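Residue-level listing of the chains:
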Amino acid sequence: MHASPQDGRTESEHLPMTFPPAASVVPDRTVAIVGIGTRFPGGLHGPDTFWQALLERRDATVEIPEQRWKTMVDQIAEEQRPQQPYRAGVVEDIDAFDHEFFGITATEAAEMDPQQRMLLETVVEALTDAGIAPGSLGGTATGVYVGAVCFDQATLAFTPGRRTTMSNLSGTALSILANRVSYFLDLRGPSLTIDTACSSSLTALHYARQALENGEIDTAIVGGVNILLNGAMMAAFHEGGVLGATGATRPFDADGDGYVRGEGAGVVVLRRHADAQAAGDRIYALVRSTAVNSDGRTHGMFAPSSQAQADMLRTACARAGVDPRDVDYIQAHGTGTAAGDRIEAKALSEVLGAGRDSDDPVLVGSVKANIGHLEGGAGVAGVITAALALHHGIIPGTIHHDRMRPNLVRFPIRVPTTAEPWPERARGRARLAGVSGFGFGGTNAHALLQGVEEVPAEPLPTFIPLSAHSETSLRATAARWAPVVASAEDLTAVASTAVHRRDHNGPLYGTRTRQHAAVLAATREEAAAALEALGEGRPHPALFGPGSAPARPPRRVWVFSGHGSQWAGMGRDLYARIPAFAAAVDEVRAVLGAGMDRAPWAPGDPVDDFVSAQHAIFTVQVALARTWESWGITPEAVIGHSLGEAAAAHIAGALSLEDAALLVRVRSELLNETEGTGGLLATDLDAEHARLILDGREGRLAVAVVNGPSSTVISGENEALDRLQAELDAAGAWTRRVDSGVPGHSPILDPLVPRMRTALAGLEPREGRIPFYSTLSATLAAGTDLDGDYWARQMRSTVQLYDTLTAVAGEKHSVFVEIAPRSVLAHAISATLEARGVPLDVVPAGLPERDETGELLAAVARLSTHGHIASGLVPSGLTPVALPAAAWDRGPGSEPHAAPTELGSLLAAANGPQERRAAIVEVLRVMVGEITRTDPADLPLDEELGFLGVTSVALIEIRNRLQQAHPSLIGLPVAIIHAEPTIDRISEEIERHLAAQAL
């Protein structure tokens, strides 16, 4: 297949093909991607999981698993068999299929091509992601367009002498890939499987786009799929020299020697843009144009043409009416072969790179490095990658790329290797990204995608606070409000009345305390139901409280966490939904990045190295603080834990943002130099015991942190820590190595102290406007003392959180609000307050596995139960809603309400051990339900409370409520709650405790 071109011309002599630009597409017929489904190697199921893997630079390829390889290797000629299994992107649960859901018998399912099974499930997942009920498409003009090339299943099903049936025919025919989807969903539009080799699914997208734009169909399901079952196929690719001997796809890299094959399925759901907007669909990206052409006759059947690729790019841009220089990013074919990379780079440079400045190269990447080359599914994998990149405004890094091929250095292209924000060059216009795919027979395809203006964020839940002078009045008032709220036209107006036109604080008519509750609801029905629950003394997911606070609420103390509070994905949802947070992040990034040679961390970026994590924590803490302030909640004192002191000092007004950013940059870079030289060991020792144990080891170990009365962290050399941990474990102490990588606050940092002092000599600290309690000295510190010398000593010295909290709590009644990406200090704060015998008034930060914005608003609601109302969260000046006045509390019988049943009365009425146990379980369920905002009946008895969302602070609250519920539980130790953290086991321990008290 390497015949010479008949016309005798070389590739470079081919004349460029010219296509008249397509007529301008009517704007409302532009196609939108509204749903995504993936079943990619490495368990990357769904767009969120896949996107996170890209940000984490995950390589999902592995050696073909042993069980599958045993079958595959037997199909390979003996002289071609490799010594080790080939490396590939493998879907490990390839046989998993819910055949009953699709009405397919187990017998038929067993004969089906795994491509059919994967595609069916992934289509349903993509439609679900789009918010389209699959059954709603029955009988509609919905088209199915599938790209596929692999026929491995047929080679296994139709072996000589094997009995075959119609199930084998339908189970292996590539046409049935699309047809099964249309059959199952009863779709009446075109149902096509397209094979143009490795450009198949991009070609499928091309025809789907045309059908949508010309009105032939209203919805399109476009998929691509691939499978790896036949070892002989693998050997043929290896024989052809296109498989990478290094076992990795290295796009455009000097060491690239081919690609790794992959399998899986990807699906996108398309609608016309206007239809998607009318339906309120979330839109990942727009498909501005597509183009398909052929290489024609080249040097050989498999030889690509740079000229044909360039022509295709020009056509795609012309059809979209886009200047090629405005294309920001290309998700390339990028197979890592020498010829393929060179020809693709040449075409990209010729069309997209022409006229660009030298410092503005075309950004190029290839997802094949992560999941392998999915061949028939490769194009749609690239489309999904580009659409997610546009949606998030982040260019994902390409792994396995270390240095550009020498012969490509002259081209104006760059391969980002880590995630980075979308280039600033796109500011003021729509983001643009292209996706290329090339079939080995010469069919080329390209899609030009465009980012969309952010769809208005989902409205925040509405915050409705209630306050009264007694619990009876509070519950009765809630019962009165419920029907009014249920019929209200505007829930925001209800909230405005509740926040701005009702009393919440102040000494009213001689009362010394106020009762507070809050509702956080998305709809009036949900709000009314929560108010009804409050009136009846029941928990509800949207209800917080009730809680009691002095008429003059406690002092607000903000506690800024240190390293360890970071998590992947932090800030992303807050940035998208809360303008104050986004504005603060942008401000911090601009200042932080001014002294860096790379883009500073942004929400959605990975936090997998020490420096990025430090920058991310500081950025999010400042943004969280600014968000609280925008809602009308400001601190009356601040405390910082290690790194957290930087943000605390800035919020206190002692450091400008520029000085705080300089501090974080210098501190993180210096500490990063020590990575791997030592570590941290968490223990349950008190500070005095820890220091006694370290007597004689001061040169190698130090007390790094004292978090609480029995919570101390020791830092230093790894070998010394290992020996100490063994000694402590043998003595029965609790220990755990902390995954930090940096031996903070240890003797290892001594050489860094003078360097830190010198680097920060230019700081200009000033008197702050808010009291700053230093965890270096455990005292109130003057803002002007926070100079370079302070921060040099702070980096090395012990973090005295316990002593600082003790001092602050001893001054006056305070409520401690944790300012952090996730909660890490709430337990330490609670333990300290409990040791001091003061109220456990703690508002923890959120949990990363939950809705990030919802968790922040939940913190606002929890704080309101301590008497602090976020008045800025709700607009003022709206026409008031006629909410009933607060109910009077005139004594027994004045306002009926359902109070929580006491444990004592339940136990007294119980007959026998089983009823006693059931009574304890019922009370526990109610308590946990109130804390987790869950229906008590839905709570499992055997699941650890931490997994149900119960924090360590809440565990203490449960103990306190139990003590109030029964006189014999006054002495119930908190250790029982912490040691037996399931409803079932806690109830057992309570029963034992009650039995022992009765003796």
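The structure under discussion appears in the preceding block.
What you are looking at is a predicted structure, and each value in this text was computed from that prediction instead of being measured.

A. Fine view of the overall build of the chain. Within the chain, the secondary structure is distributed over 34 helices and 30 strands. Taking 999 residues into account, the globule formula puts the C-alpha radius of gyration at 30 Å, and the chain, at 32 Å, falls close to it. Considering only residue pairs separated by 6 or more positions, the chain has 78% of its internal contacts joining residues 24 or more positions apart. When the accessible area of the chain is evaluated, it comes to approximately 39600 Å², of which 51% is carbon and sulfur surface. In the chain, 81 positive and 120 negative side-chain charges are present, and the distance between their average locations comes to 3 Å.

B. Local environment of the environment of Gly241. By the secondary structure assignment, Gly241 is in the loop between helix H9 (231-239) and strand E8 (264-272). Residue classification places Gly241 among the partly exposed positions, given a relative accessible area of 49%. For the pair Gly241 and Ser182, spaced 59 residues apart in the sequence, the C-alpha separation amounts to 38 Å.

C. Focus on unusual backbone geometry. With an omega of 5°, the peptide bond between Gly545 and Pro546 qualifies as cis. Within the fold, Pro546 resides in strand E19 (residues 543-550). One non-glycine residue, Ser642, adopts positive backbone phi at about 55°. Looking at where Ser642 falls in the secondary structure, it is placed in the loop between strand E21 (637-640) and helix H21 (644-652). With relative accessibility at 12%, the residue Ser642 sits in the buried group.

D. Focus on the pairing of strand E11 (residues 362-365). The alternating pattern of E11 places Val362 and Val364 on one face and Leu363 and Gly365 on the opposite face, and all of these are buried. You can see the chain leave strand E10 (residues 329-331), run along helix H12 (residues 338-351) and come back into E11, and the turn it takes is right-handed. For E11 and strand E13 (residues 413-414), the ladder comprises 2 bridges, and the chain directions are parallel. Bridge pairing links Leu363 to Arg414 in E13.

E. Spotlight on the pairing of strand E1 (residues 31-40). Judged by how many residues are buried, E1 sits mostly within the fold: 10 of 10 residues are covered. Here E1 runs beside strand E9 (residues 285-294); their pairing, made up of 3 bridges, is antiparallel. Residue pairing for E9: Ile33 is matched across the bridge by Ala285. Where E1 meets E8, 8 bridges bridge the pair, whose relative direction is antiparallel. When the bridges of E8 are listed, Ala32 appears paired with Arg271. As judged from the 2 bridges shared by E1 and strand E2 (residues 44-45), these two strands associate in the antiparallel manner. Of the residues in E2, the one forming a bridge with Arg39 is His45. If you look at the hairpin formed by E1 and E2, you'll find 3 residues sitting between the two strands, and Gly42 has a positive phi there, around 75°.

F. Structural detail: the sheet that holds strand E25 (residues 735-738). Taken in spatial order, the 5 strands make up an open sheet running E25-E22-E24-E23-E28, and their pairing is mixed. At either end of the open sheet lies a strand with only one pairing partner, and these are E25 and strand E28 (799-800). Summarising the sheet, strand E22 (residues 678-683) and strand E24 (residues 711-717) pair through 6 bridges and their orientation is antiparallel. Looking across to E24, one finds that Leu680 is bridged to Ser715.

G. Inspection of a nonpolar patch on the surface at higher detail. Taken together, the side chains of Phe158, Met166 and Leu169 present a nonpolar region at the surface, about 310 Å² in accessible area. Take Met166: its relative accessible area is 61%, and that puts it in the exposed class.

H. Structural detail: the state of the cysteines. As enumerated under the stated definition, the model contains 0 disulfides in all. We note that Cys150 lacks a disulfide partner, and the nearest cysteine sulfur, in Cys198, lies 11 Å from it. By relative accessible area, Cys150 is classed as buried at 5%.

I. Spatial organisation of the side chain of Ser774. Along the chain, Ser774 turns up in strand E26 (residues 772-774). The exposure class of Ser774 is buried, given its relative accessible area of 0%. Polar contacts involving the side chain of Ser774 include one to the main-chain amide nitrogen of Leu776, which spans 3.0 Å. At 2.7 Å, the side chain of Ser774 forms a polar contact with the side chain of Tyr790. If we skip the residues at most four places from it in the chain, Ser774 touches Glu645, Thr779, Ala781, Tyr790 and Thr804.

About the cut-offs
- Residues numbered from 1 in each chain as written.
- Predicted model: local features only at pLDDT ≥ 70, side-chain atom pairs only at ≥ 80, totals over all residues.
- Heavy atoms only, no water.
- Helix = DSSP H or I, 4+ residues; strand = E, 2+ residues; numbered from the N terminus.
- Rg over C-alpha atoms; globule rule 2.2 N^0.38 Å.
- Contact = heavy atoms within 4.5 Å.
- Areas by Shrake-Rupley, 256 points an atom, 1.4 Å probe, with all protein chains shown as cover.
- Lys, Arg positive; Asp, Glu negative; His and termini not counted.
- Charge placed at Lys NZ, Arg CZ, Asp CG, Glu CD.
- Buried < 20%, exposed > 50% of the residue type's maximum accessible area, 1.4 Å probe, protein only.
- Right-handed = clockwise from strand over helix to strand, strands pointing away.
- Pairing = 2+ DSSP bridges.
- Patch = residues over 30% accessible without salt bridge, like charges linked within 9 Å, V, L, I, M, F, W, Y side chains within 5 Å.
- Salt bridge = Lys/Arg side-chain N within 4 Å of Asp/Glu carboxyl O.
- Disulfide = S-S within 2.5 Å.
- Polar contact = N/O pair within 3.5 Å; in protein donor to acceptor, adjacent residues only side chain to side chain.

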